[in-house]
2 protein chains.
Amino acid sequence: MPKIVDHDKQRRIVAEAALRVIRQSGLERATVRRIAEEAGLSVGSMRHYFSTQEELFSFCMSLFVERVEERLENFQCEGPLLHDLKELLLQFLPVDQERTLEMEVWFSFSAKTLVYPELRKLSASVQDGLHKASRFVLDELAASKLAKPGLDVELETEKLYALIDGLAVHGILQRDRLAPERVEVIVEQHLRTLCADV
Amino acid sequence: MPKIVDHDKQRRIVAEAALRVIRQSGLERATVRRIAEEAGLSVGSMRHYFSTQEELFSFCMSLFVERVEERLENFQCEGPLLHDLKELLLQFLPVDQERTLEMEVWFSFSAKTLVYPELRKLSASVQDGLHKASRFVLDELAASKLAKPGLDVELETEKLYALIDGLAVHGILQRDRLAPERVEVIVEQHLRTLCADV
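Per chain, residues are indexed from 1 in the order of the written sequence. Following the order in which they are written, the chains are lettered starting with A and the ligands numbered starting with 1. The predicted origin of the model limits local features to residues at a pLDDT of at least 70 and limits the giving and counting of side-chain atom pairs to 80 or more, whereas totals for whole chains, interfaces and linings rest on all residues. Side-chain metrics in this entry use all non-hydrogen atoms of the structure; hydrogen atoms and water are not considered.

Section: the overall build of chain A
Runs of E in the DSSP output that reach at least two residues are strands. Runs of H or I that reach at least four are helices, and both are numbered from the N terminus. Within chain A one finds nine helices and zero strands. For chain A, the sequential pattern of α-helices and β-strands runs α-α-α-α-α-α-α-α-α. Along the first, second and third principal axes, the C-alpha set of chain A runs to 70 × 40 × 30 Å. Here chain A, with 198 residues, has 50% of them falling under the buried criterion. Any two residues having at least one pair of non-hydrogen atoms within 4.5 Å are treated as being in contact. Sequence-distant contacts in chain A: of pairs separated by 6 or more residues, those separated by 24 or more amount to 67%. Per-residue and other accessible areas were derived by the Shrake-Rupley procedure at a 1.4 Å probe size, with only the shown protein chains allowed to occlude residues. Counting every atom, chain A has about 9800 Å² of accessible surface; 52% of that belongs to carbon and sulfur. The classification of residues rests on relative accessible area computed with a 1.4 Å probe and restricted to protein chains. Under 20% of the type maximum is buried, over 50% is exposed, and intermediate values are partly exposed.

If you want it as structure tokens, here you go:
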């Protein structure tokens with residue numbers, strides 16, 4: 001009987017190995033050889049899972065999208081709306097080790113998209129998640145009548161989106177200066193500024 | 001009589017060539033050979049100007065810092081304070097070709113600092129300029145009594161800093177979606193939210 005290898009599971013193992021290599025050595029040094037080594041596979045067998053490096057990177061990015069979507073789906077509304085919305089936005093910020101790693105790799109990918117436009121659509125799909133979440137926050141505030149009267153939802157979505165990504169970039173590049181607790185305080189304060197004074 | 005070469009001028013020419021190569025091909029492909037070619041120099045003569053690639057990149061980053069400082073020094077207060085402060089912040093946003101190129105290269109450098117911590121202090125000096133400018137904006141608003149009473153200057157500085165960098169990242173990665181005019185509207189609106197209602 002032939003050995004049955006779970007193709008999809010194996011692809012994931014390779015992708016997880018790739019993410020570790022990218023984080024340690026940078027995207028340009030994440031060669032097939034190094035990724036194979038990290039995944040405990042032969043270089044030859046890598047071709048069964050990914051035929052090009054771009055396909056592999058594309059799969060890595062889709063893992064991020066999946067993880068973020070999973071977190072959003074499992075997201076429990078537990079308390080007051082403002083608390084829940086803050087927790088939702090923290091899903092996109094480097095407040096723990098897993099999210100920090102994701103964002104560091106996302107950052108490397110994004111820098112790469114400036115040179116390789118074919119990667120741009122992958123990066124865009126990750127970005128799209130945060131844009132949707134920002135819009136969701138604004139819509140929820142409006143629906144619950146917490147929002148300030150006359151709030152420009154389009155503009156505030158764009159602004160929230162930029163604020164969260166800016167905090168993410170500072171959180172990973174200047175983590176000694178901008179601690180996760182501080183990030184949380186800023187997000188909380190920003191949400192309050194969107195609400196009508198009580 | 002020996003040919004007199006203006007060393008500093010030549011270093012600048014090399015650095016400008018390096019920036020063009022980085023922008024076109026990415027940081028990891030900006031080899032000494034390609035930069036020499038772009039600068040119209042021999043590979044051998046490059047050593048007269050920069051002994052290591054890191055030294056060259058470091059010089060490129062310092063050119064950015066210099067340019068930003070120059071722009072800030074030449075910055076003319078021309079109109080109402082809010083207008084001037086907005087113009088100041090736009091110095092850090094990809095609203096024209098020169099600033100877009102700078103920010104794209106800055107972004108590549110920053111991604112690189114995650115893997116090469118020795119580059120981090122260069123990236124930090126560029127970042128520091130925007131942090132100072134953000135602080136300046138808040139201080140000016142407070143001094144002119146335009147600021148909302150009870151504004152948390154530390155927090156608002158951090159927030160403005162993140163917002164501007166987030167807009168910069170979106171402006172370069174998603175330039176089709178986020179036009180410079182839109183960026184300007186958001187900055188203007190944000191400044192108004194920092195002011196007391198009149």
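Thoughts on the relation of the copies chain B and chain A
In screw terms, the move from chain B to chain A is a rotation of 180° and a rise of 0.0 Å along the axis, fitting with an RMSD of 0.0 Å. Overall, the copies show the geometry of a two-fold rotation axis. When you check the interface residues of chain B against chain A, 100% turn up at the interface there too, and the contact is symmetric in its surfaces. When the copies are superposed, the least-squares fit takes in the C-alpha atoms of residues with a pLDDT of at least 70 in both.

Quick word on the interface of chain B and chain A
Listed by partner, the interface residues are 46 residues for chain B and 46 residues for chain A. Between chain B and chain A, roughly 3600 Å² of surface is buried when both sides are summed, and carbon and sulfur atoms account for 59% of that area. The term buried area means the drop in 1.4 Å probe accessible area that two parts suffer when joined, counted for both and summed. Counting the surface chain B buries against chain A, the share from its top three residues, L114, K159 and L173 of chain B, is 17%. Each salt bridge in this description consists of a side-chain nitrogen of Lys or Arg and a carboxyl oxygen of Asp or Glu lying within 4 Å of one another. At the junction of chain B with chain A, the criterion picks out two salt bridges. In this structure, the salt-bridge partner of E158 of chain A is R177 of chain B, at a minimum N-O distance of 2.9 Å. Pairs of N or O atoms are called polar contacts if they sit within 3.5 Å, as long as, within protein, a hydrogen donor faces a hydrogen acceptor (for residues adjacent in sequence, only side-chain-to-side-chain pairs). At the junction of chain B with chain A, the criterion picks out twelve residue pairs in polar contact (both at pLDDT 80 or more). When contributions to the side of chain B that touches chain A are tallied by element, the ones reaching two or more residues are α1 (7-25), α6 (97-113), α7 (120-143), α8 (153-173) and α9 (180-193) of chain B. If you tally residues by element for the side of chain B that touches chain A, the top one is α8 of chain B, at 15 residues.

Some details on unusual backbone geometry
Where the residue is not glycine, phi is negative for most of them; where a peptide bond is considered, it is trans in most cases. Of note, K145 of chain A is a non-glycine position whose phi angle comes to about 65°, a positive value. Its location among the elements puts K145 of chain A in the loop between α7 (120-143) and α8 (153-173).

Describing the packing of aromatic side chains
Each Phe, Tyr or Trp ring, with Trp reduced to its six-membered ring, pairs with another whose centre is within 6.5 Å; inter-plane angles below 30 degrees give stacked pairs, above 60 give edge-to-face pairs, and intermediate values give tilted ones. Throughout the structure, instances matching the rule amount to four aromatic pairs over all chains. Ring centres 6.3 Å apart and planes at 50° place the aromatic pair W106 of chain A and F107 of chain A in the tilted group. With relative accessibility at 7%, the residue W106 of chain A sits in the buried group. Owing to a relative accessible area of 0%, F107 of chain A belongs among the buried residues under this scheme. Three or more aromatic residues joined by ring pairs form one cluster here, namely W106 and F107 of chain A together with W106 and F107 of chain B. Charge over a ring is defined by NZ of Lys or CZ of Arg lying within 6 Å of the ring centre and within 35 degrees of the ring normal. Over the ring of F59 of chain A we find R11 of chain A, and its NZ or CZ is 4.6 Å from the ring centre.

Side note on the packing of α1 of chain B against α6 of chain B
All names here are of chain B. Only C-alpha atoms enter the line fits that serve as axes; for helices the fit covers just the stretch in contact. Angles between N-to-C directions range over 0 to 180 degrees. Contact geometry of α1 with α6 gives a least axis separation of 10 Å together with a crossing angle of 75°. In terms of axis orientation, α1 runs roughly perpendicular to α6. Touching L19, I22 and R23 of α1 are L101, E104, V105 and F109, all from α6. Under the scheme applied here, ten amino acids are nonpolar (Ala, Val, Leu, Ile, Met, Phe, Trp, Tyr, Cys and Pro), four are charged (Asp, Glu, Lys and Arg), and all others, including Gly, are polar. The residue makeup of the contact of α1 with α6, split by class, is five nonpolar, no polar and two charged. An angle counts as roughly parallel when it lies under 35 degrees, as roughly antiparallel when it exceeds 145, as roughly perpendicular when it falls between 65 and 115, and as oblique in every other case.

So, the UniProt feature "DNA-binding region" (unreviewed entry) in chain A
Under the feature "DNA-binding region" (unreviewed entry), the UniProt entry names residues 31-50 of chain A. Helix makes up 75% of residues 31-50 of chain A and strand makes up 0%, while its end C-alpha atoms are separated by 13 Å. UniProt positions are given in the numbering used here, feature names are shortened, and annotations may be inferred rather than shown by experiment.

Overview of the environment of R33 of chain B
Residue and element names in this part refer to chain B. With respect to the helices, strands and loops of the structure, R33 is situated in helix α2 (residues 32-39). The class of R33 is exposed, set by a relative accessible area of 58%. Remark: the alpha-carbon pair of R33 and V43, spanning ten residues in sequence, is separated by 5.7 Å.

Here's the deal with the pattern of salt bridges
With the rule as written, the count across this model stands at 22 salt bridges over all chains. R12 of chain A is the salt-bridge partner of E66 of chain A, the closest N and O atoms lying 2.5 Å from each other. One end of the pair, E66 of chain A, is in helix α4 (residues 53-73); the other, R12 of chain A, is in helix α1 (residues 7-25), with 54 residues separating them in the sequence. You can call E66 of chain A partly exposed: its relative accessible area is 33%. With its nearest N and O atoms 3.4 Å apart, the salt bridge here joins D139 of chain B to R135 of chain B. In this pair, D139 of chain B and R135 of chain B are both assigned in helix α7, four residues apart and thus about one turn of the helix distant. A single network of salt bridges, built from pairs that share partners, joins K86, E184, E188 and R192 of chain A.

Thoughts on helix α6 (residues 97-113) of chain A
Helix length check: α6 of chain A, at 17 residues, gives a terminal C-alpha distance of 24 Å against a target of 24 Å (1.5 Å per residue), a fit within 8%. In terms of burial, α6 of chain A is largely enclosed, as 14 of its 17 residues are buried. Given a helix with a known number of residues, its expected span is that number minus one, times 1.5 Å.

Some thoughts on the environment of F50 of chain A
All names here are of chain A. Along the chain, F50 falls in the loop between α3 (43-49) and α4. Taking the C-alpha atoms as reference, F50 lies 9.0 Å from V14; in sequence the two are 36 residues apart. If near-sequence neighbours (up to four positions away) are discounted, F50 is found in contact with R11, V14, E55, L56 and F59.

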